[in-house]
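What the coordinates show
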Amino acid sequence: MFSKINHVAIVSENYAKFYQAVFGMKPSNLERAARAVTVGDGYVGLNINPRRAGRSAGLDHFGIQVEDCETAFERMRKKYPTARWLKRPANRPFAGISANDPDGNVFDISQKDMSNRTAIYVENDGKPNPRHINHVALRTMNPDDTAEFYRDVFELAPGNKRAGDPNHYLTDGHVTLVVMPWQIEDYDGTGIVAAGMDHIGFKVENVETVKADVAEIAANNPRLAPSPLGTGKEGAALAKLFERSCPLGQHRFADPDGVLIDIMAD
């Protein structure tokens, strides 16, 4: 395909080893402790960026690797003039350019032969681990138009969905971008979460095995315990919203910083 989803980024106040412990993601041999921590599942990189003043913690953005950046830019110029892009500092090993879609969602663009691509983004061999990122989801005000943008510009292919499902599922053949509608009414009875990145989905060999592993890891190291999901009335309402919004997951929880995760079995 013309493009692939090559990374997901989290902004965090700590460098928990949660994703290594639970999902078997591996760090780069070139990791620098003073910078972002990057781990990979063999296909997708997960970047855990340090939180800076004025920046919110949580699931932040995803990145797309393309065959040719100029082709993508030309498509954006012709049909999506509000979609803009910005060259990023050379010390980022995963993205040469950051951009926004027409609905204001930020994502990264890289090209296979960009000189700044290093670390896990060249070490991933394209063979995913048994536990690997399967989808990444965002909530947006105009999901139909947003999905059209990612189809037109990046040639992500529409996936199957059930009748009446308001989501769009766009795939590179391995990872799916789930574009979900954001409506303020959905947050009745719970804290309102702004539009933007929503959750990460993992495919695993067995859901019950992962649940048992998470419990054991949390018992051995409380700092790797998942943030509670569904506690209290507001938490329960948000957990129900999560469950009904994305039908792909079979079990839902959160990482230690509260980033939402769902998992499904092969």
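This report concerns the structure included in the present document.

Analysis parameters
Residues numbered from 1 in each chain as written. Predicted model: local features only at pLDDT ≥ 70, side-chain atom pairs only at ≥ 80, totals over all residues. Heavy atoms only, no water. Helix = DSSP H or I, 4+ residues; strand = E, 2+ residues; numbered from the N terminus. Buried < 20%, exposed > 50% of the residue type's maximum accessible area, 1.4 Å probe, protein only. Polar contact = N/O pair within 3.5 Å; in protein donor to acceptor, adjacent residues only side chain to side chain. Contact = heavy atoms within 4.5 Å. Core = buried A, V, L, I, M, F, W, Y, C linked by side-chain atoms within 4.5 Å. Salt bridge = Lys/Arg side-chain N within 4 Å of Asp/Glu carboxyl O. Pairing = 2+ DSSP bridges. Axes fitted to C-alpha atoms, helices over the stretch in contact; angles between N-to-C directions.

Some thoughts on the environment of His 7
Following the sequence through the fold, His 7 ends up in strand S1 (residues 3-12). According to the relative accessible area criterion, His 7 is buried, its value standing at 0%. In this structure the C-alpha to C-alpha distance between His 7 and Ile 109, which are 102 residues apart in sequence, comes to 10.0 Å. In this structure the side chain of His 7 is engaged in a polar contact, spanning 3.5 Å, whose partner is the side chain of His 61.

Observations regarding the environment of Thr 146
Tracing the backbone through its elements, the reader meets Thr 146 in helix H4 (residues 143-154). Residue classification places Thr 146 among the buried residues on the basis of a relative accessible area of 2%. C-alpha separation for the pair Thr 146 and Asp 101, spaced 45 residues apart in sequence, amounts to 7.1 Å. Once residues lying within four places of it in the same chain are set aside, the contact partners of Thr 146 are Asp 101, Asp 103, Asn 105, Thr 140 and Val 179.

A few points about the nonpolar core
The tendency in soluble globular proteins is for nonpolar side chains to be buried as a group. Membership of the largest hydrophobic core comes to 55 residues, with the highest contact counts inside it found for Tyr 19, Phe 23, Tyr 150, Phe 154, Leu 177, Ile 200 and Phe 202. Contacts of Leu 177, omitting those with residues within four sequence positions, involve Ile 5, Phe 62, Val 136, Leu 138, Tyr 150, Leu 156, His 168, Tyr 169 and Leu 170. Counting five residues, the second largest nonpolar core, distinct from the first, contains Ala 137, Val 178, Met 180 and Cys 246.

Things to note about the pattern of salt bridges
All told, the structure shown has nine salt bridges when counted by the stated rule. Close ionic contact of Arg 77 with Glu 74 constitutes a salt bridge, the shortest N to O distance being 3.0 Å. Of the two residues, Arg 77 and Glu 74 are both situated in helix H2 (residues 69-79); the distance of three residues between them amounts to about one turn of the helix. Between Arg 75 and Glu 155 there is a salt bridge, with its nearest N and O atoms 2.7 Å apart. Of the two residues, Arg 75 is situated in helix H2 and Glu 155 in the loop between H4 and strand S10 (157-158); the sequence distance between them amounts to 80 residues.

Here's the deal with the side chain of Thr 38
Within the secondary structure layout, Thr 38 lies in strand S3 (residues 37-40). A residue is classified by how much of its surface remains accessible, and Thr 38, at 4% relative accessible area, is buried. At 2.5 Å, the side chain of Thr 38 forms a polar contact with the side chain of Asn 47.

Quick look at the pairing of strand S12 (residues 176-181)
Most of S12 sits inside the fold, with six of its six residues counted as buried. Here S12 shows no split at all, with Thr 176, Val 178 and Met 180 on one side and Leu 177, Val 179 and Pro 181 on the other all buried. In the sheet, strand S9 (residues 132-140) pairs with S12 via six bridges, with the strands oriented parallel. Following the sheet pairing, Arg 139 is matched in S12 by Met 180. The sheet contact formed by strand S11 (residues 168-171) and S12 spans four bridges and is antiparallel. What sits directly across from Thr 171, in S12, is Thr 176. Linking S11 to S12, which pair antiparallel, is a turn of four residues; within it Gly 173 sits at a positive phi near 100°.

Comments concerning the sheet that holds strand S8 (residues 106-111)
Taking strand neighbours across the sheet as the criterion, the eight strands line up as S2-S3-S4-S1-S5-S8-S7-S6 in an open arrangement whose pairing is mixed. Across the chains shown, the open sheet's two edge strands, defined by having one partner strand only, are strand S2 (26-27) and strand S6 (85-87).

So, the sheet that holds S9
Spatially, the seven strands line up as an open sheet ordered S10-S11-S12-S9-S13-S15-S14, and their pairing is mixed. The sheet is open, and its two edges are formed by S10 and strand S14 (251-254), each paired on a single side. One ladder, built from seven bridges, connects S9 with strand S13 (residues 196-204); its direction is antiparallel. Looking at S13, one finds that His 135 is bridged to Gly 201. Where H4 meets the sheet, its contacts fall on S9, S10, S11 and S12, and the angle it forms with S11 comes to roughly 10°. Sheet strands touched by helix H5 (residues 207-220): S13, S14 and strand S15 (260-265). Its angle to S15, the strand with the most contacts, is close to 140°.

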